[in-house]
Amino acid sequence: METTEPKPVGQATIQLVSETAVEIASVGFIARDVFDAGLAELSALCAANPKVTCLMWTTSELDGYEPGNTARALKWLSQHAQIRRAAVVTRSQAVASLVHIGRVMIPGLETRAFRIRAEALEWFATPFTGRPRTRSGRFKAA
């Protein structure tokens, strides 16, 4: 019987990169508990910084993640209407294509994928298009 080695635990680092932008950088394999801890830290940072309107997800050093993490990220974004722009910095076409899901599932959210972090930061500095987002009622408590 073949045994598989457990994937090494990755890490997610959350930091404020400007008055209006926050970054979550994922390194290694992001397990569910690491991802959930990162989202909790991200929520606290956004609550403490109400001017934050942009989220940059840097995945250039990402080795993999649990499949449900994408759905959890979309749920988090739908609940945080203060985020009007989301950028994914990646070298993976598969990860870059996830921005289209966010664009469709979360009306009013501007999303783009970038290969270079500096380009995402430049985009954050440009004027918003469209109307401000409103909080989704999709995930209200029963």
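Residues numbered from 1 in each chain as written. Predicted model: local features only at pLDDT ≥ 70, side-chain atom pairs only at ≥ 80, totals over all residues. Heavy atoms only, no water.

### What about the overall build of the chain?
Then step 1. Across its full length, the chain holds five helices and five strands.
Then step 2. The N-to-C order of helical and strand elements in the chain reads β-β-α-β-α-β-α-α-β-α.
Then step 3. Here the chain, with 142 residues, has 39% of them falling under the buried criterion.
Then step 4. Expressed as a percentage of contacts within the chain between residues at least 6 apart in sequence, the contacts between residues at least 24 apart total 75%. (Helix = DSSP H or I, 4+ residues; strand = E, 2+ residues; numbered from the N terminus. Buried < 20%, exposed > 50% of the residue type's maximum accessible area, 1.4 Å probe, protein only. Contact = heavy atoms within 4.5 Å.)

### Overview of the nonpolar core
Then step 1. In terms of nonpolar packing, the biggest core is built from 23 residues, with Val22, Leu42, Leu55, Trp57, Trp76, Leu77 and Ile83 touching the most fellow members.
Then step 2. Where this core is concerned, the elements lending two or more residues are strand 2 (21-30), helix 1 (32-48), strand 3 (54-65), helix 2 (68-79) and strand 4 (85-89).
Then step 3. Counting residues per element, this core draws most heavily on helix 1, which supplies five residues.
Then step 4. By size, the runner-up hydrophobic cluster in this structure holds nine residues, among which are Cys54, Val89, Phe114 and Trp123. (Core = buried A, V, L, I, M, F, W, Y, C linked by side-chain atoms within 4.5 Å.)

### Brief notes about empty space enclosed by the protein
Then step 1. For the structure on display, the rule yields one cavity of 30 Å³ or more.
Then step 2. The volume enclosed by the largest cavity comes to roughly 370 Å³.
Then step 3. In terms of lining, the largest cavity is formed by 23 residues, of which the most central are Trp57, Thr70, Ala73, Val88 and Leu98.
Then step 4. For the lining of the largest cavity, the secondary-structure elements that each account for two or more residues are strand 2, strand 3, helix 2, strand 4 and helix 4 (98-105).
Then step 5. Its residues placed into classes, the lining of the largest cavity shows 17 nonpolar, six polar and no charged. (1 Å grid on protein atoms, 1.4 Å probe; cavity = no way out; pocket = protein on both sides within 12 Å on 5 of 7 lines; lining within 4 Å. Points joined across faces, edges and corners; volume = space filled by probe spheres on them. Nonpolar A, V, L, I, M, F, W, Y, C, P; charged D, E, K, R; others polar.)

### Let's talk about a nonpolar patch on the surface
Then step 1. On the surface, Ile101, Val104 and Met105 cluster together into a nonpolar patch covering about 280 Å² of accessible area.
Then step 2. Its place among the elements puts Val104 in helix 4. (Patch = residues over 30% accessible without salt bridge, like charges linked within 9 Å, V, L, I, M, F, W, Y side chains within 5 Å. Areas by Shrake-Rupley, 256 points an atom, 1.4 Å probe, with all protein chains shown as cover. Salt bridge = Lys/Arg side-chain N within 4 Å of Asp/Glu carboxyl O.)

### Topic: the environment of Thr90
Then step 1. Turning to its location among the elements, Thr90 is positioned in the loop between strand 4 and helix 3 (93-96).
Then step 2. Considering only alpha carbons, one finds Thr90 and Ser60, 30 residues apart in sequence, at a separation of 4.7 Å.
Then step 3. Setting aside its immediate chain neighbours within four residues, Thr90 contacts Thr59, Ser60, Val95, Ala96, Phe114 and Arg115.
Then step 4. Engagement of the side chain of Thr90 in a polar contact is seen with the backbone nitrogen of Ser92, the distance being 3.0 Å. (Polar contact = N/O pair within 3.5 Å; in protein donor to acceptor, adjacent residues only side chain to side chain.)

### Points about the sheet that holds strand 2
Then step 1. The strand order across the open sheet built from five strands is 1-2-3-4-5, with neighbouring strands paired in mixed fashion. The open sheet has two edge strands with one neighbour each: strand 1 (11-16) and strand 5 (110-114). Mean inter-strand twist for the sheet, computed between neighbouring axes without regard to direction, equals 15°.
Then step 2. Alignment of strand 1 against strand 2, held across six bridges, turns out to be antiparallel. What sits directly across from Ala12, in strand 2, is Ser26.
Then step 3. Those strands touched by helix 1 are strand 1, strand 2 and strand 3, and its axis lies near 10° from that of strand 1.
Then step 4. Sitting on the sheet, helix 2 is in contact with strand 2 and strand 3, with an inclination near 170° to strand 3. (Pairing = 2+ DSSP bridges. Axes fitted to C-alpha atoms, helices over the stretch in contact; angles between N-to-C directions.)

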